[in-house]
Amino acid sequence: MNYKIALIRGDGIGPEVVNEAVGVLDAAAEKFGHSIEYVDVLLGGCATDAVGKSYPDGTAEKCRACDAILLGAVGGPKWGPDKPADQRPETALLALRKDLELYANLRPATLRPAMADSSPLRRETAEKGIDLMMVRELTGGIYFGKRDKYQTEDRGVECTDLMAYSEKEIERIGRRAFELARLRRGKVSSVDKANVLETSRLWREVMHRLAKEYPDVQYEDVLVDNCAMQIVRDPGQFDVVVTENMFGDILSDEASMVTGSIGLLPSASIGDTAPGLYEPIHGSAPDIAGQDKANPMATILSAAMMFRYSFQRREEADAIEQAVDAVLAEGWRTADIAKPGEKVVGTKEMGRLIREKLAAL
Ligand code: IPM
Ligand code: MG
């Protein structure tokens, strides 16, 4: 096959980790007889520096002309919350997700076998294994609702952020979750705050409707505060966790942390038609940018997800994941996941080791 991939290298360590993922994509292409063409797309703080705004005109169109998008990371202290919205990297990321209607964000939190003792959880809890898929609604809810800021007569300034969800939005993300559960261990946990929020009550109603359509999938409702607790108490109980945008933002960070290695976790943002967006869940780590210290594995595993979810090529995805696991099993680590005495390598060397493994599989 011939694939066209948009590369958003971004800020901080973004360009370094994207480089290594591109190396692995090329190695996979060679191994499996594909050709890949890359198109650079400018977005984030680097775009603000280059052209004055973080989401340059025509970005969505450029991306739409590709089969998938690989993103490193965006953001940094240079473009903080005090900057106008159109100069902030976060605005660009939200706009891209919205413009391409990438409503389903898949964030696997997996404790990779070689990393079992890196989890901050008690050994007997971690040993049960962690392999959950957070399915976060990505283009609705409070992150996209109407905002307001106004002066009141007696309470000073007041702000509001509106959380809105429609049946249609809930149903399409719900379906994704149930379909995914069928390919995994057959369980969906739907997270809401139905004891307080109207949007959550609608969420629950729609999920219950869907659960009837998928009788082969085990279903449960979990309140968000309880879910936060269960993720540290016994994450092994979860298979697919589906939730609205803000809850998913917070819980996916928590779930990643219990695996002990945020530098290893990929993500996919997909819609019904537009190209999917693949990115590590970690940030741009400006403190180590340009020092060949960043862990490229999460971006490399994002490339594996690209093969799996955008190109429907399971073999390539499995091979990349196997190569990563093999390198970890041999004891190679980047600094972020190394324990005293382990073999520490830089970004480039880690990329090379994974490419080599992949070719030799
Ligand atoms: C994430 C990030 C973004 C989000 C920010 C940077 C807008 O936290 O991808 O989880 O909240 O979606
Ligand atoms: Mg987040």
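Look up a bit, the structure's there.
Residues numbered from 1 in each chain as written. Chains lettered and ligands numbered in written order. Predicted model: local features only at pLDDT ≥ 70, side-chain atom pairs only at ≥ 80, totals over all residues. Heavy atoms only, no water.

K.L.:
I would appreciate a short explanation of the pattern of salt bridges in the present structure.
P.N.:
Where charged atoms from two side chains of opposite charge come close, those side chains can pair. Using the criterion set out here, one finds 40 salt bridges in the structure. Between R155 and D154 there is a salt bridge, with its nearest N and O atoms 3.4 Å apart. Judged by its relative accessible area of 63%, D154 falls in the exposed class. K357 is the salt-bridge partner of E330, the closest N and O atoms lying 2.5 Å from each other. Within this pair, whereas E330 is found in the loop between α11 (314-329) and β13 (332-333), its partner K357 is found in helix α12 (residues 347-360), the two being separated by 27 residues in sequence. Classification of K357 by relative accessible area gives partly exposed; the value is 24%. Sharing partners across several salt bridges, the network here consists of D131, R184, R185 and D239. (Salt bridge = Lys/Arg side-chain N within 4 Å of Asp/Glu carboxyl O. Buried < 20%, exposed > 50% of the residue type's maximum accessible area, 1.4 Å probe, protein only. Helix = DSSP H or I, 4+ residues; strand = E, 2+ residues; numbered from the N terminus.)

K.L.:
Is there a simple way to think about α12 in this case?
P.N.:
Under the 1.5 Å per step criterion, the end-to-end length of α12 is 20 Å for 14 residues, consistent within 8% with the ideal 20 Å. Considered for burial, the residues of α12 that qualify are T347, M350, G351, L353, I354 and L358. The arc that holds every buried residue of α12, seen down its axis, measures 160°, which confines them to one face. Away from its buried face, by an angle of more than 90 degrees, α12 presents the exposed residues K348, A359 and A360. (Expected span 1.5 Å × (residues − 1). Arc of directions from axis to C-beta.)

K.L.:
Sorry, what's going on with the sheet that holds strand β5 (residues 131-137) here?
P.N.:
Neighbouring strands of a sheet are bound in pairs by backbone hydrogen bonds; such pairs are parallel or else antiparallel. The sheet built from ten strands is open, its strands ordered β2-β1-β3-β12-β11-β4-β5-β10-β8-β9 with mixed pairing. Across the chains shown, the open sheet's two edge strands, defined by having one partner strand only, are β2 (35-40) and β9 (218-223). Taking each pair of neighbouring strands and ignoring which way they run, the sheet shows an average axis angle of 25°. Here strand β4 (residues 104-110) runs beside strand β11 (residues 266-270); their pairing, made up of three bridges, is antiparallel. (Pairing = 2+ DSSP bridges. Axes fitted to C-alpha atoms, helices over the stretch in contact; angles between N-to-C directions.)

K.L.:
How should I be thinking about empty space enclosed by the protein in this particular structure?
P.N.:
Rolling a probe over the atoms, with the probe sized like a water molecule, indicates the empty space that remains. Summed over the entire model, instances satisfying the criterion amount to two cavities of 30 Å³ or more. The space that makes up the largest cavity amounts to roughly 50 Å³. Lining the largest cavity are M163, Y165, V191, D192, L197, T199, S200, W203, T243 and E244. Residue assignment for the lining of the largest cavity shows that the elements contributing at least two residues are β8 (187-192) and α7 (198-213). With three residues, α7 is the single largest residue contributor to the lining of the largest cavity. Class assignment of the residues belonging to the lining of the largest cavity gives a composition of five nonpolar, three polar and two charged. (1 Å grid on protein atoms, 1.4 Å probe; cavity = no way out; pocket = protein on both sides within 12 Å on 5 of 7 lines; lining within 4 Å. Points joined across faces, edges and corners; volume = space filled by probe spheres on them. Nonpolar A, V, L, I, M, F, W, Y, C, P; charged D, E, K, R; others polar.)

K.L.:
Please clarify how the packing of helix α10 (residues 297-309) against α11 should be interpreted in this entry.
P.N.:
When two helices pack together, their arrangement is given by the angle between their axes and by how far apart the axes lie. At a closest axis distance of 7 Å, the pairing of α10 and α11 adopts a crossing angle of 160°. As the angle between them shows, α10 and α11 are arranged roughly antiparallel. As for the relative orientation of α10 and α11, their crossing is left-handed in sense. Within the contact between the two elements, α10 uses M297, I300, L301, A303, A304, F307 and R308 and α11 uses R314, E316, A317, D318, I320, E321, V324, V327 and L328. When grouped by side-chain class, the residues that make up the contact of α10 with α11 number eleven nonpolar, no polar and five charged. (Parallel < 35°, antiparallel > 145°, perpendicular 65-115°, else oblique. Left-handed = near helix turned anticlockwise from the far one by under 90°. Contact = heavy atoms within 4.5 Å.)

As far as function goes, none of this settles anything; it's purely spatial.
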